[in-house]
Structures are given as structure tokens and as C-alpha cells.
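Fold and geometry: a report
Here's the letter readout for the chains.
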Amino acid sequence: MNDNLLLRLRLQSGMTQEELSERSGISVRTIRNVERGLIQRPRRSSVDMLLEVLDPSLKEKLRSAPMDDLGMPVGMAAEWLKLVGPEKGVWRGSRPPRSSLVGRRAEVELLAGLALEQQVVVVTGPGGVGKSRVALAAAESAGSQLRDGVAVVELGLIPGERDLAGPAVLELAEQAVIDLLGEEADAGRQQLLLVLDNAEHLPETTSLLVDWLLARFPGVHVLVTARRAPGLADAVLCELAPLGTEAAVELLLERLRTGCPDLDLSADSERLIALVGLLDGLPRLIEFAAHRLRMVPLESLLADGQAVRLLSSGDRRTLPHQRTPEASLRWSLDLLDDRHERLLAQLARGSRRTFRVGELEVDPGEFSELEAVGLLADLAETSLLQVDRGGSYQYRMLRHVRAFLAGSGRGSEALASA
């Protein structure tokens, strides 16, 4: 379990640092520094305010104990150090973003439960849907119940299998894990949640890496995020869907309040609904739009239904393929071959927003029916098409994908310079 009781209490409560700050009146920075062990002697009043929210009974216990000259409760040194001690081994690797997570409470709770119940869980979904964000939030919750906490391996930084020989890629991935856990990690006793983030370009490597992990660390639980799920026996798959309209608008307004407090568009609900619809309810695109609205009026983003072409992120901390919608789409397409892209371009030029297998509008001279169905399945597997499995299967192309492929009338050539 976590050595820092304050962090453990917060995670068990399900609150973010921001939520605890709002309810307790203690700044997020102070909460973060206490949880990291950077503040070893917080003010007693601050501890009282935090425990009033997290554990009132412990607050009363501490309040009744006098403090010594060093600020330690007399006779309660062990309890105090558990409360404010450093978080050794609790979290290694990238941490969840500090911004609030909107509209994903149910998904986080479900995924946190699965991550503890199952040894391997894979989160899939289209680029920008929030796989990493939801997985890290779930890991933050679930990791408090594992002795060795959480380790996050960023696989997006490792070259793809098309760029480097398989054994070399696997060696890089294994080394990334060892760098986090340490060469001397007690393999037989590790009880942690290991997040393998952004794994879609490493399907074979990820499968081999998970096999290696489970053999070396029998107590590990693995949580993988990928646009295309790797072939993992007995893995539980969770598909993350775009936000619904209400949550998407809430996210847009929340990011506007943070990034541009003097801009209030809450009364313009009709056009906000139109904008989040154009952006497919994808959180990353919505956050891009909130950033762009600081400088560009809403009507400009809605003009010609091409809002997505004006969006980008200036955050250099993100992976290169996550900084623009074009780069994100190219990253997904690069997981496939030219025939997949040609089929996708033909579907984008078609007249149907949704279609069944028997309604494919493709050139029969280029694709046989059997080949088209196989390619269609690959596109869905890579999250470039959404699948409604209710009744007869229906396929849908996200609006921003269609906008890039068909908006210029040139199909896949629209991405030639992406």
C-alpha cells in the first residue's frame, strides 16, 4: 500500500486533487506537494482542513494530540509519517494531467475495477477519444490498492515495427519497463499496475512484451491503451466511445473557463452543439477548439463545416502525432497499407453517413466484395470506423476523418502533405 496516507485517502475517496482543493480550501499545489512528500511538516490547520473532508475521525484523533517542538504529534510519530511521508513506489512515469476529467466518471470506475480484477486489460478507441487520460485516471484509483502502485511506460516514444527490426523494438520496450521498475526489482513480489500507453504501432511487440512481463512479474496487472488492440490471449477489451453532446459541451465550456475566463459562450448552446458535433465529441479536438476560440470567433470554426482544419495544439509535451488532427489521422493510416487508405477515401466520398456491409460504395473493379469486407474490418479494428453492433452491423466514419479525406474532393490526396 501507499506510504503516504493522505494520497491513499484521496484516491479511496475518488476525488481529484482539484476536487479536494475545492472542498477543503487547501490549494492544489499544497496538496500535490504534501502527497509527494515535499512538505514534511504541513501546518496543522491545513491537515485539519484536509482530514475534515477525507477522514474526520482521524482529524479528531490528531487534534487531541499535542505537538512537539518539531511539529510532530506527541506519541503519534508513526501515524503522522504515514500521513505526510513521501510516496515511495506509488507512481512511476507520466502522471495524469492536472486538468479536470469531464464526462468519464463511469468509464474510470469501470476500468479501475477491471484493472484490479483482470490481469490484462486493453483500452481501444479512435485517436483523441481520451484513452490515455481515462486509463491514467483509472490507474490512479486502482493503484492505491496495490502494494507497489503504478508504473506508466510511454510506448509512443518507441520506433514502430515498420521502422526497426522486431527484436530491437522489443528490447527497447523491455528496457523502458526496467528503467521504471529498476534492475533490482523483486520480480516475484511486484504487485503493481503497469500501464503500456500508446501501443497501436507495436502490435507484435506489445504481445511479446506482455508475455515477458507476466512471466517475470506474476503479480503485475497490465493496462494497455491502443487505437488498434494487440493480439493478447485472455485480455479484456474496453472500447472508449466519444463523449455525448451534453458532456462534450460541458468539456468545451470548462476548458474555456480555464484558458480564457473572460469568454463566456454558455448562452450560445445551439452553435456549441454544432461545433462539438463537427468534432465528433472527441475530447482532444474539443480541447484544441477551446484553445483556438481564444483567438478565433465561433462562427469561423463553424464555417463550411471545416472546423477541424483550424485546430492544433501548442503543447510540446504531447507526442508529435497528437498535436494536430491531421497528424493523428496520418498516424492511424500508417498502421495500415495503401489499399486500406484507398478504400477509406472511397467511403469518404460516398453519400452514406452510415452503411452496412451490403451498402459499400466502392469501385468493384478495384475491390472484390470479400476483400472490401476484410479491409473494412481492419479499418474498424484500427478505430478509423465506428461500429454499431446492435442488430445488423452498421459502420460510421467520424466527421473529422471524412472532412480530411473528402473535404477537398481529392480523397486520400488531402493527406499527402500531412
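In what follows, the structure referred to is the one given above.
Residues numbered from 1 in each chain as written. Predicted model: local features only at pLDDT ≥ 70, side-chain atom pairs only at ≥ 80, totals over all residues. Heavy atoms only, no water.

Another point: the overall build of the chain. In terms of regular secondary structure, the chain is built from 18 helices and 9 strands. Going through the 418 residues of the chain one by one, you find that 50% of them count as buried. In the chain, once contacts between residues fewer than 6 apart in sequence are set aside, the share between residues at least 24 apart is 72%. On the chain, roughly 19,600 Å² of surface is accessible, and the fraction owed to carbon and sulfur atoms is 50%. (Helix = DSSP H or I, 4+ residues; strand = E, 2+ residues; numbered from the N terminus. Buried < 20%, exposed > 50% of the residue type's maximum accessible area, 1.4 Å probe, protein only. Contact = heavy atoms within 4.5 Å. Areas by Shrake-Rupley, 256 points an atom, 1.4 Å probe, with all protein chains shown as cover.)

Reading across the sheet, the 6 strands line up as β1-β3-β4-β5-β2-β6 and stay open at both edges, with parallel pairing between neighbours. The sheet is open, and its two borders are formed by β1 (91-92) and β6 (236-239), each paired with just one other strand. One ladder, built from 2 bridges, connects β1 with strand β3 (residues 150-154); its direction is parallel. Each bridged residue has a counterpart across the sheet, and for Trp91 the counterpart in β3 is Val150. Lying on the sheet, helix α8 (residues 131-142) is in contact with β1, β2 (120-124), β3, β4 (193-197) and β5 (221-225); it crosses β4 at an angle near 175°. (Pairing = 2+ DSSP bridges. Axes fitted to C-alpha atoms, helices over the stretch in contact; angles between N-to-C directions.)

With that settled, the discussion passes to the pairing of β5. For β5, the buried fraction is high: 5 of the 5 residues fall into the buried class. In β5, alternate side chains face the same way, and those of His221, Leu223 and Thr225 on one face and Val222 and Val224 on the other are all buried. In this structure, β2 lies alongside β5, joined through 4 bridges in parallel fashion. Across the sheet, Val120 pairs through a bridge with Val222, a residue of β5. Between the parallel elements β4 and β5, the chain passes through helix α10 (residues 203-216) in a crossover that is right-handed. (Right-handed = clockwise from strand over helix to strand, strands pointing away.)

In spatial order, the strands read β7-β9-β8; together these 3 strands make up an open sheet with antiparallel pairing. At either margin of the open sheet sits one strand with a lone partner, and together these are β7 (354-355) and β8 (386-388). Relative to strand β9 (residues 394-396), β7 is paired through 2 bridges, and the arrangement is antiparallel. In the sheet register, Thr354 faces β9, and the bridge partner there is Arg396.

Okay, the pattern of salt bridges next. According to the stated counting rule, one finds 13 salt bridges in the structure shown. Residues Glu254 and Arg257 are paired through a salt bridge, measuring 3.1 Å at the closest nitrogen-oxygen approach. Of the two residues, Glu254 and Arg257 are both situated in helix α11 (residues 245-259); the distance of 3 residues between them amounts to about one turn of the helix. Between Glu299 and Arg271 there is a salt bridge, and its shortest N-O distance comes to 3.4 Å. (Salt bridge = Lys/Arg side-chain N within 4 Å of Asp/Glu carboxyl O.)

Turning to a negative patch on the surface, a few remarks are in order. Together, Asp337, Asp338, Asp378 and Glu381 line one region of the surface with negative charge. Here Glu381 lies in helix α17 (residues 369-381). (Patch = residues over 30% accessible without salt bridge, like charges linked within 9 Å, V, L, I, M, F, W, Y side chains within 5 Å. Lys, Arg positive; Asp, Glu negative; His and termini not counted. Charge placed at Lys NZ, Arg CZ, Asp CG, Glu CD.)

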